[in-house]
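Geometric and topological summary
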Amino acid sequence: QAQNSAVTEFILLGCPMVWQWDVLFFIKFLIINVLTVSGNVTIISVTLADHRLHSPMYFFLCNLSFLDNMAATAIFPKMMKVFISLEKTVSVPGCISQCYSYFFGTTEVILLAVMSLDRYVAIYIPLRYSTIMSSHMSFQVGMASWAGGCFSVLSPMTVISWLPFCGPNVIDHFCCDNEPLIKLSSADNHLLELVKLALSTVVLLYSLLFTILSYLYIIIAILHIPSSSGWKKAFSACAFHITVASIFYGSAILMYIVTNKEFSFSLKKAVTLQTAVFTHLLNPFIYSLRSQ
């Protein structure tokens, strides 16, 4: 693009490789996408159909499954197109729209903290669980998670949508992301980068701290269970929840808080790919098969 002309489309580089590898990655991601969507749809359908599962934990699980599906649907099609098609372009509005969809992932971060709170109440103070985590309270907390995720992404993305793009139009990524978009803009974006970093830090670190504290109290409660089989069963279920939360939070912090001076952008691309592909695939299995 000429330096004085407005950019109308971006080029996604993806990962330069021979076409045989592109086809292999396309098939792999297609299978993962089908498994992710079908697994999450199954969880939602079973939960809605079985009245025994109409509890706060499964209400949050349905929200998590819906968020996984929406995030995968927003990212996978464009990512697979980059691998299989010679046409690796995306319009500026289309790219910005895809960046808006990242609020699904942000909401998921907050929801994981809420789910850890639900498990804390169920295990640490079980006699008051039904009173504290009532249907009304569960709905309010769930909607607060959606509102927090939406606001934290909507504010910087609204500003990004107003930015002028007059220079290079090549995005070194598998999909559209706000960090390379900000760098491609011809405007002074120092303040916007600080706001984005501040919002990411607040959402991620506070959610992580909340999750750590909840599971710390859960582990303390488990260790006081007199039956060895009882605490082993409880710890086994929670261990998988802790694992997926650790992977998700660790990847998100590396992508949105750690600067490129400390980690190369190529590493961030690999982490983004892992988070976008495998985290959404693992969640249905970890949060359903391991939830007795």
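Calculation notes
- Residues numbered from 1 in each chain as written.
- Predicted model: local features only at pLDDT ≥ 70, side-chain atom pairs only at ≥ 80, totals over all residues.
- Heavy atoms only, no water.
- UniProt positions renumbered as here; feature names shortened; annotations may be inferred.
- Helix = DSSP H or I, 4+ residues; strand = E, 2+ residues; numbered from the N terminus.
- Buried < 20%, exposed > 50% of the residue type's maximum accessible area, 1.4 Å probe, protein only.
- Contact = heavy atoms within 4.5 Å.
- Areas by Shrake-Rupley, 256 points an atom, 1.4 Å probe, with all protein chains shown as cover.
- Expected span 1.5 Å × (residues − 1).
- Bend = angle between axes of the 7 residues up to and from the residue.
- Pairing = 2+ DSSP bridges.
- Patch = residues over 30% accessible without salt bridge, like charges linked within 9 Å, V, L, I, M, F, W, Y side chains within 5 Å.
- Salt bridge = Lys/Arg side-chain N within 4 Å of Asp/Glu carboxyl O.

For the protein, the name recorded in an unreviewed UniProt entry is Olfactory receptor, with Mesembrinibis cayennensis as its organism. The Sequence similarities (unreviewed entry) field of the UniProt record for the protein holds the comment "Belongs to the G-protein coupled receptor 1 family." Under the Subcellular location (unreviewed entry) heading, UniProt states for the protein: "Cell membrane".

This part covers the overall build of the protein. Per the secondary structure count, the protein includes ten helices and three strands. Reading the helices (α) and strands (β) of the protein from amino to carboxyl end gives β-α-α-β-α-α-α-α-β-α-α-α-α. Each of the 292 residues in the protein was classed as buried or not, and the buried ones make up 47%. For the protein, the share of sequence-separated contacts (at least 6 apart) that also reach a separation of at least 24 residues comes to 80%. Accessible surface, the protein as shown: approximately 14600 Å² in total, 72% of it carbon and sulfur.

Below, the discussion takes up helix H6 (residues 135-161). Spanning 27 residues, H6 covers 38 Å between terminal C-alpha atoms, matching the ideal 39 Å at 1.5 Å per step. Of all the bends in H6, the greatest, near 30°, is centred on Leu154, and the proline Pro156 appears no more than four residues after it. Residues of H6 that are buried: Ser138, Gly142, Ser145, Trp146, Gly149, Ser152, Val153, Pro156, Met157 and Ile160. Buried residues along H6 sit against helix H2 (56-84), helix H3 (92-100), helix H4 (103-124), helix H7 (178-184) and helix H8 (190-223).

Checked against the element boundaries, Gln98 lands in helix H3. Overall, Gln98 belongs to the buried group, its relative accessible area being 8%. Excluding residues within four positions of it along the chain, Gln98 makes contact with Ala74, Ile75, Lys78, Cys175 and Cys176.

One open sheet holds the three strands; their spatial order is E2-E1-E3, and the pairing between them is mixed. Lying at the two open borders of the sheet, with one neighbouring strand each, are strand E2 (89-91) and strand E3 (170-171). Relative to E2, strand E1 (residues 9-12) is paired through three bridges, and the arrangement is antiparallel. Each bridged residue has a counterpart across the sheet, and for Ile11 the counterpart in E2 is Thr89.

One turn of an α-helix holds 3.6 residues; hence residues three or four places apart share an orientation. For H8, spanning 34 residues, the distance from its first C-alpha to its last is 49 Å, which sits close to the expected 50 Å at 1.5 Å a residue. Residues of H8 that are buried: Leu192, Lys196, Ser200, Val203, Leu204, Ser207, Thr211, Ser214, Tyr215, Ile218, Ala221 and Ile222.

Judged by side-chain polarity, Tyr124, Leu209, Leu213, Leu216, Tyr217 and Ile220 come together as a nonpolar surface patch covering roughly 530 Å² of accessible area. Counting residues per element, the nonpolar patch draws most heavily on H8, at five residues. Within the secondary structure layout, Tyr124 lies in helix H4.

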